[in-house]
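# Examination of the molecular architecture
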Amino acid sequence: MGVVEDTEPPLKRVKRDETNGFSSASGNSSVRGSSSSSVTNSLGDLMARPLTTSQGDDETKTIGSKGVIKKSEFVRLITRTLYSLGYGKTGAMLEEESGIPLHHSFVETFLQQVKEGKWDESVVTLRRIGMLDEKDVKAASFLLLEQKFLELLRFDKVGDALATLRNEIEPLRINTKRVHELASSLIILPSTSGSGKENVSSRSKVLEELQNLLPASVVIPEKRLESLVENSLHIQRDACVFHNTLDSDLSLYSDHQCGKHQIPSQTVQILESHTDEVWFLQFSHNGRYLASSSKDQTAIIWEINADGHMSLKHKLVGHQKPVTAVLWSPDDRQVLTCGAEEDIRRWDVDSGECVHTYEKCGIGPISCGWYADGKGIIAGMTDRSICMWDLDGREMECWKGQRTQKVSDIAMTDDGKWLVSVCKDSVISLFDREASFERLIEEEDTITSFSLSNDNKYLLVNLINQEIRLWSIEGDPKIVTRYKGHKRSRFLIRSCFGGYKQGFIASGSEDSQVYIWHRSTGKLIVELPGHAGAVNCVSWSPTNLHMMASASDDGTIRIWGLDRFKPHKQEKQVQGSSSNGVLHQCNGN
Amino acid sequence: MDPRQFEHIVVKDSDIHSIVMSYLLHNCFGETADSLASTTGIKQPVIDRDNLQRRKQIMHFVLEKKALKAVELTEEFGQELLEKNKDLQFDLLCLHFVELVCDRKCKEALEFAKTSLAPFGEVQKYVGKLEDVMALLAYEDPEKSPMFYLLSSEYRQQVADNLNRTILEHTNHPSYTPMERLLQQVTVARQYLTEENGKDAFPPFSLKDYVKG
């Protein structure tokens, strides 16, 4: 009790609420504003509302097991929602039964007056509400009087409108520009005005604007309950470790939990066409092909059929050395293969023919990549330099000196902005191609490989110490999460992003298993046995959330999918990972 | 010719008299012009007296806050005069509006604005000024509004000068006096020389300093 609101900011809901509906009970009606003349009036108004005897308790009553929900706020929220859903009668009944009015009676009166267009009265009532600071009162009064002005103008009561402008609106001394505009509108007809600002908004629009203006405890925002529920759903979804489903499947009835069965964990196919260790594989951007490269000096392009089955499309023969990587062009029509310390070849996917060979006298490539626009090739060479060729083999640039390491990765982000490479044992260079400016990521240990996320904002880095680290590279590079559990001691192991919104990290391991972690929490969720040798590389399909491929020293490629026992509905392809459209899910119920 | 040798140029008295005379006639100083003529014996050029008197009266009305009267007399020179000079017409009408507002005749001002000023609002270049002018209506004390300059005598003088020139032009007289032109040219010439030779050689032309001697 007592006058509290003058010094505290209006959004302090605690005190507000208590004075809101219940000051009437304590009979302390001097709470609003400072004029004592309002005392008798307010008492009269308040007496009209039915009060139950248990008033005093309700102020502090909480509900829910944790004691953080105030009963009065909870009930008011439900009442508000009932009204906005159109259930006026129920809302009114709730107010009566619970004895908890939705609004302080002045607020109620105020809103009613606005609805009925009783502007002068509403301005007066506004002042009586009391828990507002002067700035808000002025702004709200301006809104009300502006509406009064515009309505008068609508009905051609120009003289009255002018009087309102001069005597009521201008003296508020705010929003001078709008005052001038209103003055002009006195002679400019609404139908000819260009901006249409002079048109009268509906009263409900005014109500909406007032609600935004007034503090939440005075007038509860329109969709507050919906917003609270949505927040809760988002949190559940983010916490769902196996989350690999679409938003349309979220339900309010129980906390959301995907089961493990949404993660591809069953071998659905084994591809045995390579004759030696398979070192690298990658799905095409459109998810229709898989390319793999092997120590057997070949690369293979696999085609994915409508039923998800893979078949060999082309075997790319020509290299005389093990092929360390095979990379898709941005338009998926060509691939680059990198022969270890030998040369780089460009192949056409449709025909399987080698279109061009890129080599440099005396040195060989260690790693390679495509330009973001597909019109050039980059390569990290044995002499530690970085070379850039156009498609016809003309050398465009060559950065000499210690730019790369002996075994290293190189890549250009698909927006063409950054060139990423491992420039020293434990340092990654992010070179901004536009600004010619380099940022460094300094790791604690030797880096063996890296992988970029789709949105170019994150970098997954594999370290020699068996840790995988996720870095955010937008702005200053920062470590976001670490992933552990897999084994790596002698060989190069690669990891990748995958799943719904790239929410998972998958990696190979020297213990022959595939490891999958939940990206944001870092929690290891599955270990998949099956291969008979170290798993060197993993790739998750960019369009099929439930398809993953792994390449192993045992010479095979395994395709992983969902548990076959569950009815495998025809899964339509999804565009990237962001649409909530077409994909059907088996909910595993 | 070295610009510093300007003192060697010969200037005829009669030329100077002409310059002063044209200035007086331009600004409607009829009696002074007569006096100058009789003292110096110079012939008055062919600006007829009638024209001068009428202009004098019109300017007077503008300055004395009787813009509509000024418009009426101006139209006696020909309807097309203001029709062809819309900017000027607009300024004069705005002045009348301002007069009404100052006299606290708000209803009348509003009516006038609706009939006479609103049509100008459809042309983009007048919109800004129109908004400023209309805004005066919102204030109990127009003098205290941000657009108080519209009420000032300097502003009225500006409009009056503009009107004067337009009438002179319309009646086939020069709209700028030689005096003005000379001063403008001196200023520019000085500026040019300063840029060429540095500030010390030729300081910028200042009439005030010059008159002081």
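Residues numbered from 1 in each chain as written. Chains lettered and ligands numbered in written order. Predicted model: local features only at pLDDT ≥ 70, side-chain atom pairs only at ≥ 80, totals over all residues. Heavy atoms only, no water.

The secondary structure content of chain A amounts to twelve helices and 30 strands. Of the contacts made within chain A by residues no fewer than 6 positions apart, 47% connect residues no fewer than 24 positions apart. When the accessible surface of chain A is totalled, it reaches about 27,500 Å², and 50% of it is carbon and sulfur. (Helix = DSSP H or I, 4+ residues; strand = E, 2+ residues; numbered from the N terminus. Contact = heavy atoms within 4.5 Å. Areas by Shrake-Rupley, 256 points an atom, 1.4 Å probe, with all protein chains shown as cover.)

Once that is clear, we can look at the overall build of chain B. When you go through chain B residue by residue, the secondary structure sums to eleven helices and zero strands. Along chain B, helices and strands appear, N-terminal first, in the series α-α-α-α-α-α-α-α-α-α-α. Relative to its full complement of 213 residues, chain B shows a buried share of 39%. Across chain B, contacts joining residues at least 24 apart in sequence account for 53% of those joining residues at least 6 apart. For chain B, the exposed surface amounts to about 12,900 Å²; the carbon and sulfur share of it is 54%. (Buried < 20%, exposed > 50% of the residue type's maximum accessible area, 1.4 Å probe, protein only.)

Residues and elements named next belong to chain A. Summarising burial for strand 14 (residues 386-390): five of the five residues are buried, a large majority. Burial along strand 14 is two-sided: Ile386, Met388 and Asp390 and Cys387 and Trp389, pointing in opposite directions, are all buried. Summarising the sheet, strand 13 (residues 376-381) and strand 14 pair through five bridges and their orientation is antiparallel. Note on strand 14: the bridge partner recorded for Ile378 is Met388. Joining the antiparallel neighbours strand 13 and strand 14 is a turn of four residues, in which Arg384 adopts a positive phi near 75°. Sheet topology places strand 14 next to strand 15 (residues 395-399); four bridges connect them, and they run antiparallel. Along strand 15, the bridge assignment pairs Trp389 with Glu395. Hairpin connection between strand 14 and strand 15: a loop of four residues separates the two successive antiparallel strands, and Gly393 in this loop has a positive phi of roughly 95°. (Pairing = 2+ DSSP bridges.)

Residue and element names in this part refer to chain A. Extensive coverage of strand 12 (residues 365-370) is indicated by the burial of six of its six residues. Where strand 12 meets strand 13, five bridges bridge the pair, whose relative direction is antiparallel. Among the inter-strand pairings, Ser367 is bridged to a residue of strand 13, identified as Gly380. Counted along the chain from strand 12 to the antiparallel partner strand 13, the turn is five residues long, and its residue Gly374 has a positive phi close to 70°.

Another point: helix 4 (residues 67-75) of chain B. Residue and element names in this part refer to chain B. Along helix 4, the positions that sit buried rather than exposed are Ala67, Ala70, Val71, Leu73 and Thr74. Looking straight down helix 4, one finds that the buried residues subtend no more than 165° of arc, so they occupy a single side. Here the buried face of helix 4 lies against helix 3 (49-63), helix 5 (80-83), helix 6 (86-102) and helix 9 (153-170). (Arc of directions from axis to C-beta.)

What follows covers the confidence of the model for chain A. For residues with low pLDDT, the predicted coordinates do not support detailed interpretation. All names here are of chain A. The predicted model of chain A averages 79 in pLDDT, with 80% of residues at 70 or higher. Summarising per-element confidence for chain A, the mean pLDDT is lowest in helix 1 (residues 13-26) (40) and highest in strand 5 (residues 289-294) (95). Taken as a whole, residues 1-57 scores under 50 in pLDDT and shows 72 contacts with residues more than four places along the chain or in a different chain. Ignoring residues within four places in sequence, the model shows residues 190-198, a span with pLDDT below 50, making nine contacts including any to other chains. (pLDDT = per-residue confidence, 0-100.)

Residue and element names in this part refer to chain A. Pairing is antiparallel across the open sheet formed by four strands, whose spatial order is 24-25-26-27. This sheet does not close on itself; its edge strands, each paired only once, are strand 24 (495-498) and strand 27 (524-528). If you compare each strand with its neighbour and ignore which way they point, the axes differ by 20° on average. (Axes fitted to C-alpha atoms, helices over the stretch in contact; angles between N-to-C directions.)

Residue and element names in this part refer to chain A. Spatially, 8-9-10-11 is the arrangement adopted by the four strands of the open sheet, whose pairing is antiparallel. One side of each edge strand has no neighbouring strand; the edge strands of this open sheet are strand 8 (323-328) and strand 11 (354-358). Across this sheet, the average inter-strand angle for adjacent strands is 20°, counted without regard to direction. Pairing between strand 10 (residues 344-348) and strand 11: four bridges, direction antiparallel. From the neighbouring strand, Arg346 faces strand 11, where its bridge partner is His356.

What follows concerns the interface of chain B and chain A. Size of an interface: often given as the accessible area lost when the parts come together. On the side of chain A, 14 residues touch chain B, which itself brings 17 residues to the contact. Together chain B and chain A conceal approximately 1,500 Å² of surface at their shared face, both sides included; 67% is due to carbon and sulfur atoms. For the pair chain B and chain A, the number of links is one salt bridge. Linking Glu140(B) and Arg166(A) is a salt bridge whose minimum nitrogen-to-oxygen distance equals 3.9 Å. Inspection of the chain B/chain A interface yields three residue pairs in polar contact (both at pLDDT 80 or more). (Buried area = accessible area lost by both parts, 1.4 Å probe. Salt bridge = Lys/Arg side-chain N within 4 Å of Asp/Glu carboxyl O. Polar contact = N/O pair within 3.5 Å; in protein donor to acceptor, adjacent residues only side chain to side chain.)

Moving on, we get to the pattern of salt bridges. The tally for this structure, following the rule as stated, stands at 32 salt bridges over all chains. One salt bridge in this structure joins Arg469(A) and Glu444(A), with 3.0 Å as the shortest N-O distance. One end of the pair, Arg469(A), is in strand 22 (residues 468-472); the other, Glu444(A), is in the loop between strand 19 (437-442) and strand 20 (447-452), and 25 residues separate them in sequence. Arg469(A) sits in the buried class, given a relative accessible area of 2%. Under the relative-accessibility criterion, Glu444(A) is labelled exposed at 60%. The salt bridge involving Arg54(B) is made with Asp50(B); its shortest N-O contact spans 3.4 Å. Remark: Asp50(B) and Arg54(B) occur in helix 3; sequence separation between them is four residues, near one turn of the helix. Taking relative accessible area as the criterion, Arg54(B) reaches 24% and is therefore assigned partly exposed. Since its relative accessible area comes to 45%, Asp50(B) is described here as partly exposed. Three or more residues are tied together by salt bridges with common partners; here these are Glu443(A), Glu444(A), Glu467(A), Arg469(A), Arg482(A) and Lys484(A).

For the structure on display, the rule yields ten aromatic pairs over all chains. Measuring from ring centre to ring centre gives 5.7 Å for Phe504(A) and Trp540(A), while their planes differ by 15°; the resulting arrangement is stacked. Placement of the pair is Phe504(A) in strand 25 (residues 504-507) and Trp540(A) in strand 28 (residues 535-540), with a sequence separation of 36 residues. Since its relative accessible area comes to 0%, Phe504(A) is described here as buried. Here the aromatic rings of Phe90(B) and Phe120(B) are separated by 4.8 Å at their centres, their planes lie at 40°, and the arrangement is tilted. Remark: Phe120(B) occurs in the loop between helix 7 (106-117) and helix 8 (124-135) and Phe90(B) occurs in helix 6; sequence separation between them is 30 residues. (Phe/Tyr/Trp six-rings, centres within 6.5 Å; stacked < 30°, edge-to-face > 60°.)

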